[in-house]
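Chain and residue survey
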Amino acid sequence: MIKLIAFDLDGTFLDDKKNIPPENLRALEKAAAKGVYIVPATGRIYKGIPEAIRGLPFMRWYITVNGSYVYDAVEDRAAARAEIPLDRAIEFYEYCDTLGLLYDCYQDNWGFMGEEMLAEASRVIPDPGIRKLIVTLRTPVPELKQYLREKGENLQKLQLYFTDMELRARMLRELPERFPDMSVSSSVPFNIEINAKTATKGHALETLCGLLGLDRGESMALGDGTNDLDMLVQAGVGVAMANADPKLLDAADYVTGSNNEAGFAKAIEKFVLG
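To start, this report covers the structure provided alongside it. The structure presented is a predicted model; accordingly, all values stated were derived computationally and were not measured.

1. Some points on the overall build of the chain
- Within the chain, the secondary structure is distributed over 11 helices and 14 strands.
- Radius of gyration (C-alpha) of the chain: 18 Å, near the 19 Å computed for a compact globule of 274 residues.
- Dimensions of the chain, computed from the C-alpha atoms along their principal axes, are close to 55 × 35 × 35 Å.
- A total of 274 residues make up the chain; the buried ones form 54% of that total.
- Sequence separation of at least 24 residues holds for 61% of the intrachain contacts in the chain that already meet a minimum separation of 6.
- Carbon and sulfur atoms make up 49% of the accessible area of the chain, which amounts to about 11,700 Å² in all.
- Distance between charge centroids for the chain: 3 Å, based on 31 positive and 41 negative side chains.

Spelled out as C-alpha coordinates, the structure:
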(Lines give C-alpha, C1' and ligand atoms only; values in the text may rest on other atoms or scores of the structure.)
Protein backbone atom coordinates (compact mmCIF):
# COMPACT_ATOMS: atom_id res chain seq x y z
CA MET A 1 0.00 0.00 0.00
CA ILE A 2 1.34 3.42 -0.97
CA LYS A 3 1.37 5.77 2.03
CA LEU A 4 3.47 8.64 0.61
CA ILE A 5 3.61 10.21 -2.85
CA ALA A 6 6.68 12.34 -3.67
CA PHE A 7 6.46 14.17 -6.98
CA ASP A 8 8.41 16.59 -9.09
CA LEU A 9 6.68 19.73 -10.38
CA ASP A 10 8.14 20.98 -13.68
CA GLY A 11 7.71 18.41 -16.42
CA THR A 12 5.79 16.11 -14.07
CA PHE A 13 2.88 17.59 -12.11
CA LEU A 14 2.80 20.81 -14.17
CA ASP A 15 2.29 20.90 -17.91
CA ASP A 16 4.67 22.72 -20.23
CA LYS A 17 2.79 26.00 -19.68
CA LYS A 18 3.33 25.64 -15.89
CA ASN A 19 -0.35 24.97 -15.34
CA ILE A 20 -1.81 22.18 -13.18
CA PRO A 21 -4.00 19.79 -15.20
CA PRO A 22 -7.31 19.45 -13.30
CA GLU A 23 -6.98 15.66 -13.37
CA ASN A 24 -3.71 15.91 -11.43
CA LEU A 25 -5.26 18.06 -8.73
CA ARG A 26 -8.22 15.71 -8.36
CA ALA A 27 -5.86 12.73 -8.06
CA LEU A 28 -3.98 14.47 -5.22
CA GLU A 29 -7.20 15.24 -3.39
CA LYS A 30 -8.41 11.64 -3.67
CA ALA A 31 -5.07 10.26 -2.49
CA ALA A 32 -4.99 12.67 0.48
CA ALA A 33 -8.53 11.61 1.40
CA LYS A 34 -7.18 8.06 1.74
CA GLY A 35 -4.59 9.30 4.25
CA VAL A 36 -1.64 9.32 1.86
CA TYR A 37 1.11 11.89 2.54
CA ILE A 38 1.40 14.29 -0.42
CA VAL A 39 4.96 15.62 -0.81
CA PRO A 40 6.16 17.92 -3.62
CA ALA A 41 9.81 17.16 -4.38
CA THR A 42 11.25 19.99 -6.44
CA GLY A 43 14.34 21.94 -7.32
CA ARG A 44 12.37 25.08 -6.46
CA ILE A 45 12.38 26.87 -3.14
CA TYR A 46 9.18 26.74 -1.09
CA LYS A 47 8.01 30.19 -2.24
CA GLY A 48 8.48 29.09 -5.84
CA ILE A 49 5.88 26.33 -5.48
CA PRO A 50 2.51 27.42 -6.94
CA GLU A 51 0.05 28.72 -4.38
CA ALA A 52 -2.52 26.30 -5.81
CA ILE A 53 -0.39 23.54 -4.29
CA ARG A 54 0.77 25.27 -1.12
CA GLY A 55 -2.80 26.27 -0.31
CA LEU A 56 -4.19 22.75 -0.30
CA PRO A 57 -5.45 21.89 3.20
CA PHE A 58 -3.61 18.57 3.41
CA MET A 59 -0.14 19.90 2.52
CA ARG A 60 2.55 19.81 5.19
CA TRP A 61 5.82 18.29 3.95
CA TYR A 62 7.97 19.61 1.11
CA ILE A 63 11.24 18.37 -0.37
CA THR A 64 12.72 21.55 -1.84
CA VAL A 65 15.92 22.72 -3.58
CA ASN A 66 16.58 19.17 -4.83
CA GLY A 67 16.52 17.75 -1.31
CA SER A 68 18.79 20.28 0.39
CA TYR A 69 15.85 21.57 2.45
CA VAL A 70 13.03 19.36 3.75
CA TYR A 71 10.38 21.73 5.06
CA ASP A 72 7.62 21.21 7.62
CA ALA A 73 5.09 23.92 6.74
CA VAL A 74 2.91 23.30 9.79
CA GLU A 75 5.73 23.94 12.26
CA ASP A 76 7.58 26.30 9.89
CA ARG A 77 10.91 24.56 10.34
CA ALA A 78 13.56 22.60 8.49
CA ALA A 79 13.14 18.88 9.04
CA ALA A 80 16.48 18.28 7.29
CA ARG A 81 19.04 20.31 5.36
CA ALA A 82 22.31 19.81 3.47
CA GLU A 83 24.28 22.75 2.07
CA ILE A 84 27.39 23.53 0.03
CA PRO A 85 30.23 25.19 1.99
CA LEU A 86 30.74 28.81 0.94
CA ASP A 87 34.42 28.40 0.02
CA ARG A 88 33.62 25.44 -2.22
CA ALA A 89 30.81 27.36 -3.92
CA ILE A 90 33.14 30.29 -4.65
CA GLU A 91 35.69 27.88 -6.11
CA PHE A 92 32.98 26.41 -8.33
CA TYR A 93 31.88 29.84 -9.57
CA GLU A 94 35.47 30.87 -10.29
CA TYR A 95 35.78 27.82 -12.52
CA CYS A 96 32.50 28.73 -14.25
CA ASP A 97 33.88 32.22 -14.93
CA THR A 98 36.66 30.68 -17.05
CA LEU A 99 33.96 29.20 -19.29
CA GLY A 100 31.76 32.30 -19.46
CA LEU A 101 28.77 30.51 -17.92
CA LEU A 102 25.61 32.09 -16.50
CA TYR A 103 24.92 31.09 -12.89
CA ASP A 104 22.88 31.89 -9.80
CA CYS A 105 22.20 30.32 -6.40
CA TYR A 106 19.70 29.55 -3.70
CA GLN A 107 20.62 30.58 -0.18
CA ASP A 108 18.31 30.86 2.84
CA ASN A 109 15.39 29.74 0.65
CA TRP A 110 15.78 32.57 -1.81
CA GLY A 111 17.52 33.14 -5.14
CA PHE A 112 20.39 35.51 -5.91
CA MET A 113 22.02 36.38 -9.23
CA GLY A 114 24.48 38.94 -10.51
CA GLU A 115 22.76 41.87 -12.21
CA GLU A 116 24.45 41.42 -15.59
CA MET A 117 23.82 37.68 -15.61
CA LEU A 118 20.18 38.17 -14.68
CA ALA A 119 19.71 40.61 -17.55
CA GLU A 120 21.31 38.15 -19.97
CA ALA A 121 19.35 35.18 -18.61
CA SER A 122 16.08 37.04 -19.11
CA ARG A 123 17.02 37.34 -22.79
CA VAL A 124 18.48 33.94 -23.64
CA ILE A 125 16.56 31.36 -21.58
CA PRO A 126 14.14 29.74 -24.05
CA ASP A 127 11.35 28.72 -21.64
CA PRO A 128 9.10 31.71 -20.78
CA GLY A 129 7.86 30.00 -17.59
CA ILE A 130 11.41 29.50 -16.32
CA ARG A 131 12.33 33.08 -17.28
CA LYS A 132 9.42 34.34 -15.21
CA LEU A 133 10.47 32.23 -12.21
CA ILE A 134 14.04 33.50 -12.41
CA VAL A 135 13.02 37.15 -12.57
CA THR A 136 10.44 36.71 -9.79
CA LEU A 137 12.53 34.58 -7.41
CA ARG A 138 15.97 36.20 -7.72
CA THR A 139 17.38 39.25 -5.98
CA PRO A 140 19.89 40.93 -8.31
CA VAL A 141 23.24 41.81 -6.74
CA PRO A 142 26.16 43.72 -8.29
CA GLU A 143 28.45 40.65 -8.34
CA LEU A 144 27.35 37.30 -6.92
CA LYS A 145 30.67 35.97 -5.58
CA GLN A 146 31.43 39.18 -3.73
CA TYR A 147 27.93 39.31 -2.31
CA LEU A 148 28.25 35.74 -1.02
CA ARG A 149 31.68 36.41 0.52
CA GLU A 150 30.28 39.40 2.40
CA LYS A 151 27.25 37.43 3.59
CA GLY A 152 29.44 34.54 4.69
CA GLU A 153 26.86 31.70 4.62
CA ASN A 154 26.65 28.29 2.96
CA LEU A 155 24.48 27.72 -0.11
CA GLN A 156 21.59 25.39 -0.90
CA LYS A 157 21.98 25.13 -4.68
CA LEU A 158 24.10 26.47 -7.53
CA GLN A 159 22.56 26.62 -10.98
CA LEU A 160 24.04 27.02 -14.47
CA TYR A 161 22.24 28.05 -17.67
CA PHE A 162 23.32 27.15 -21.21
CA THR A 163 22.67 28.21 -24.78
CA ASP A 164 25.47 25.92 -26.04
CA MET A 165 24.11 22.38 -25.64
CA GLU A 166 27.43 20.75 -26.53
CA LEU A 167 29.08 22.65 -23.68
CA ARG A 168 26.25 21.58 -21.36
CA ALA A 169 26.75 17.93 -22.32
CA ARG A 170 30.48 18.25 -21.67
CA MET A 171 29.89 19.88 -18.28
CA LEU A 172 27.48 17.10 -17.28
CA ARG A 173 30.36 14.69 -17.87
CA GLU A 174 33.19 16.75 -16.39
CA LEU A 175 31.69 18.45 -13.32
CA PRO A 176 31.17 15.23 -11.30
CA GLU A 177 34.87 14.45 -11.79
CA ARG A 178 36.11 17.97 -11.03
CA PHE A 179 33.76 18.43 -8.04
CA PRO A 180 33.19 14.90 -6.65
CA ASP A 181 31.84 16.29 -3.36
CA MET A 182 28.82 17.77 -5.17
CA SER A 183 25.69 16.32 -6.70
CA VAL A 184 25.28 17.23 -10.39
CA SER A 185 21.84 16.97 -12.02
CA SER A 186 19.40 18.75 -14.31
CA SER A 187 15.70 19.58 -14.29
CA VAL A 188 15.26 21.26 -17.70
CA PRO A 189 17.15 20.77 -21.00
CA PHE A 190 19.20 23.97 -20.69
CA ASN A 191 20.40 23.91 -17.07
CA ILE A 192 22.68 22.09 -14.64
CA GLU A 193 21.97 22.06 -10.91
CA ILE A 194 24.60 21.59 -8.21
CA ASN A 195 23.88 20.55 -4.63
CA ALA A 196 25.77 19.08 -1.72
CA LYS A 197 26.47 15.38 -2.23
CA THR A 198 23.84 14.40 0.35
CA ALA A 199 21.29 16.91 -0.98
CA THR A 200 19.31 14.73 -3.35
CA LYS A 201 15.60 14.07 -3.62
CA GLY A 202 16.23 10.39 -2.96
CA HIS A 203 18.16 11.04 0.23
CA ALA A 204 15.46 13.49 1.37
CA LEU A 205 12.75 10.92 0.62
CA GLU A 206 14.57 8.36 2.74
CA THR A 207 14.95 10.90 5.56
CA LEU A 208 11.30 11.92 5.44
CA CYS A 209 10.07 8.33 5.41
CA GLY A 210 12.15 7.75 8.55
CA LEU A 211 10.66 10.79 10.26
CA LEU A 212 7.14 9.61 9.44
CA GLY A 213 7.79 6.02 10.47
CA LEU A 214 7.31 4.67 6.95
CA ASP A 215 9.23 2.08 5.01
CA ARG A 216 10.55 3.37 1.68
CA GLY A 217 8.65 0.53 0.05
CA GLU A 218 5.45 2.33 1.03
CA SER A 219 6.39 5.39 -1.04
CA MET A 220 5.81 6.31 -4.66
CA ALA A 221 7.86 8.85 -6.61
CA LEU A 222 7.17 10.53 -9.95
CA GLY A 223 9.58 12.61 -12.02
CA ASP A 224 11.11 13.48 -15.37
CA GLY A 225 14.59 15.01 -14.84
CA THR A 226 17.90 13.55 -13.73
CA ASN A 227 17.45 15.32 -10.39
CA ASP A 228 14.55 12.88 -9.86
CA LEU A 229 16.53 9.73 -10.66
CA ASP A 230 17.66 8.63 -7.21
CA MET A 231 14.21 9.45 -5.80
CA LEU A 232 12.61 7.03 -8.26
CA VAL A 233 15.19 4.41 -7.33
CA GLN A 234 14.68 4.89 -3.58
CA ALA A 235 10.87 4.74 -3.73
CA GLY A 236 8.85 1.57 -3.56
CA VAL A 237 7.30 2.52 -6.91
CA GLY A 238 9.26 4.79 -9.24
CA VAL A 239 7.26 6.36 -12.06
CA ALA A 240 8.79 8.21 -15.02
CA MET A 241 6.81 10.53 -17.24
CA ALA A 242 6.73 9.73 -20.96
CA ASN A 243 8.69 12.97 -21.48
CA ALA A 244 11.38 11.96 -18.98
CA ASP A 245 15.12 11.82 -19.48
CA PRO A 246 16.15 8.42 -20.94
CA LYS A 247 17.96 7.56 -17.69
CA LEU A 248 14.63 7.74 -15.83
CA LEU A 249 12.82 5.75 -18.49
CA ASP A 250 15.37 2.98 -18.02
CA ALA A 251 15.30 3.06 -14.19
CA ALA A 252 11.55 3.46 -13.57
CA ASP A 253 9.22 0.71 -12.47
CA TYR A 254 6.54 2.23 -14.65
CA VAL A 255 6.31 4.82 -17.43
CA THR A 256 3.12 6.89 -17.49
CA GLY A 257 1.81 9.50 -19.94
CA SER A 258 3.52 12.84 -20.44
CA ASN A 259 3.08 15.91 -18.27
CA ASN A 260 0.87 17.39 -20.99
CA GLU A 261 -1.39 14.32 -20.91
CA ALA A 262 -2.03 14.28 -17.15
CA GLY A 263 0.24 11.25 -16.91
CA PHE A 264 0.65 12.04 -13.22
CA ALA A 265 -3.06 11.42 -12.55
CA LYS A 266 -3.02 8.21 -14.56
CA ALA A 267 -0.20 6.81 -12.42
CA ILE A 268 -1.94 7.79 -9.18
CA GLU A 269 -5.10 6.08 -10.37
CA LYS A 270 -3.16 2.92 -11.17
CA PHE A 271 -1.04 2.58 -8.04
CA VAL A 272 -2.98 4.43 -5.31
CA LEU A 273 -6.63 4.80 -6.20
CA GLY A 274 -7.28 1.74 -8.39
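Back to the write-up after that little detour.
2. Details of the packing of helix α3 (residues 86-99) against helix α6 (residues 144-151)
- Following both chains from N to C, one finds α3 and α6 inclined at 170°, their axes separated by 10 Å at the closest point. On the basis of the axis angle, α3 is roughly antiparallel to α6. Residues L86, I90, Y93, E94 and D97 of α3 lie in contact with α6, whose contacting residues are L144, K145, L148 and R149.
- Tallied by class, the residues present in the contact of α3 with α6 amount to 5 nonpolar, no polar and 4 charged.

3. Description of the state of the cysteines
- Counted under the stated rule, the structure contains 0 disulfides.
- With no disulfide of its own, C105 has C96 as its nearest cysteine by sulfur position, at a separation of 12 Å.

4. Some thoughts on helix α5 (residues 128-136)
- The complete set of buried residues in α5 reads G129, I130 and I134. For α5, the arc enclosing every buried residue in end-on projection is 135°, short of the 170-degree limit, so these residues lie on one face. Relative to its buried face, α5 has exposed residues pointing more than 90 degrees away, namely P128, K132 and V135.
- If you check the start of α5, you find a side-chain oxygen 2.8 Å away from the backbone N of G129, and it comes from D127.

5. Section: the sheet that holds strand β14 (residues 254-255)
- The strand order across the open sheet built from 5 strands is β2-β1-β12-β13-β14, with neighbouring strands paired in parallel fashion. Of all the strands in the sheet, just β2 (37-40) and β14 have a single pairing partner and so form its edges.
- Where helix α8 (residues 201-212) meets the sheet, it contacts β1 (4-7), β2 and β12 (219-223), and its direction lies at approximately 155° from that of β1.

6. Structural notes on the pattern of salt bridges
- One pass over the structure, following the stated rule, counts 21 salt bridges.
- The residue D10 makes a salt bridge to R44 at a minimum N-O spacing of 2.7 Å. Taken as a pair, D10 in the loop between β1 and α1 (22-33) and R44 in the loop between β2 and α2 (51-54) lie far apart in primary sequence, 34 residues in all.
- Assessed through its relative accessible area of 13%, D10 is described here as buried.
- E75 is the partner of R60 in a salt bridge, and the nearest nitrogen-oxygen pair spans 3.5 Å. With R60 in the loop between α2 and β3 (61-64) and E75 in the loop between β4 (69-72) and β5 (77-81), this residue pair connects regions lying 15 residues apart in the sequence.
- A relative accessible area of 27% means that R60 is categorised as partly exposed.

7. Let's talk about the nonpolar core
- F92, Y93, L158, L160 and L175 are the most contacted members of the largest nonpolar core, which has 40 residues in total.
- Looking at which element gives the most residues to this core, the answer is α3, with 7 residues.
- Setting aside its immediate chain neighbours within four residues, Y93 contacts Y103, D104, C105, L144, K145, L148, L155 and L158.
- Judged by nonpolar contacts, the second largest core, of 33 residues, contains A27, I45, V239 and A267.

8. Side note on the sheet that holds strand β10 (residues 182-185)
- Ordered by their spatial adjacency, 6 strands build an open sheet running β8-β7-β6-β9-β11-β10, and the pairing between neighbours is mixed. The sheet terminates laterally at β8 (138-141) and β10, the two strands that pair on one side only. Neighbour-to-neighbour, the strand axes of the sheet open up by a mean angle of 25°, direction not taken into account.
- Relative to strand β7 (residues 110-114), strand β6 (residues 102-107) is paired through 3 bridges, and the arrangement is antiparallel. Bridging across to β7, Y106 finds its partner in G111.

Rules used in this analysis
Residues numbered from 1 in each chain as written. Predicted model: local features only at pLDDT ≥ 70, side-chain atom pairs only at ≥ 80, totals over all residues. Heavy atoms only, no water. Helix = DSSP H or I, 4+ residues; strand = E, 2+ residues; numbered from the N terminus. Rg over C-alpha atoms; globule rule 2.2 N^0.38 Å. Buried < 20%, exposed > 50% of the residue type's maximum accessible area, 1.4 Å probe, protein only. Contact = heavy atoms within 4.5 Å. Areas by Shrake-Rupley, 256 points an atom, 1.4 Å probe, with all protein chains shown as cover. Lys, Arg positive; Asp, Glu negative; His and termini not counted. Charge placed at Lys NZ, Arg CZ, Asp CG, Glu CD. Axes fitted to C-alpha atoms, helices over the stretch in contact; angles between N-to-C directions. Parallel < 35°, antiparallel > 145°, perpendicular 65-115°, else oblique. Nonpolar A, V, L, I, M, F, W, Y, C, P; charged D, E, K, R; others polar. Disulfide = S-S within 2.5 Å. Arc of directions from axis to C-beta. Polar contact = N/O pair within 3.5 Å; in protein donor to acceptor, adjacent residues only side chain to side chain. Pairing = 2+ DSSP bridges. Salt bridge = Lys/Arg side-chain N within 4 Å of Asp/Glu carboxyl O. Core = buried A, V, L, I, M, F, W, Y, C linked by side-chain atoms within 4.5 Å.

Remember, this is a structural readout, not a statement about activity or role.
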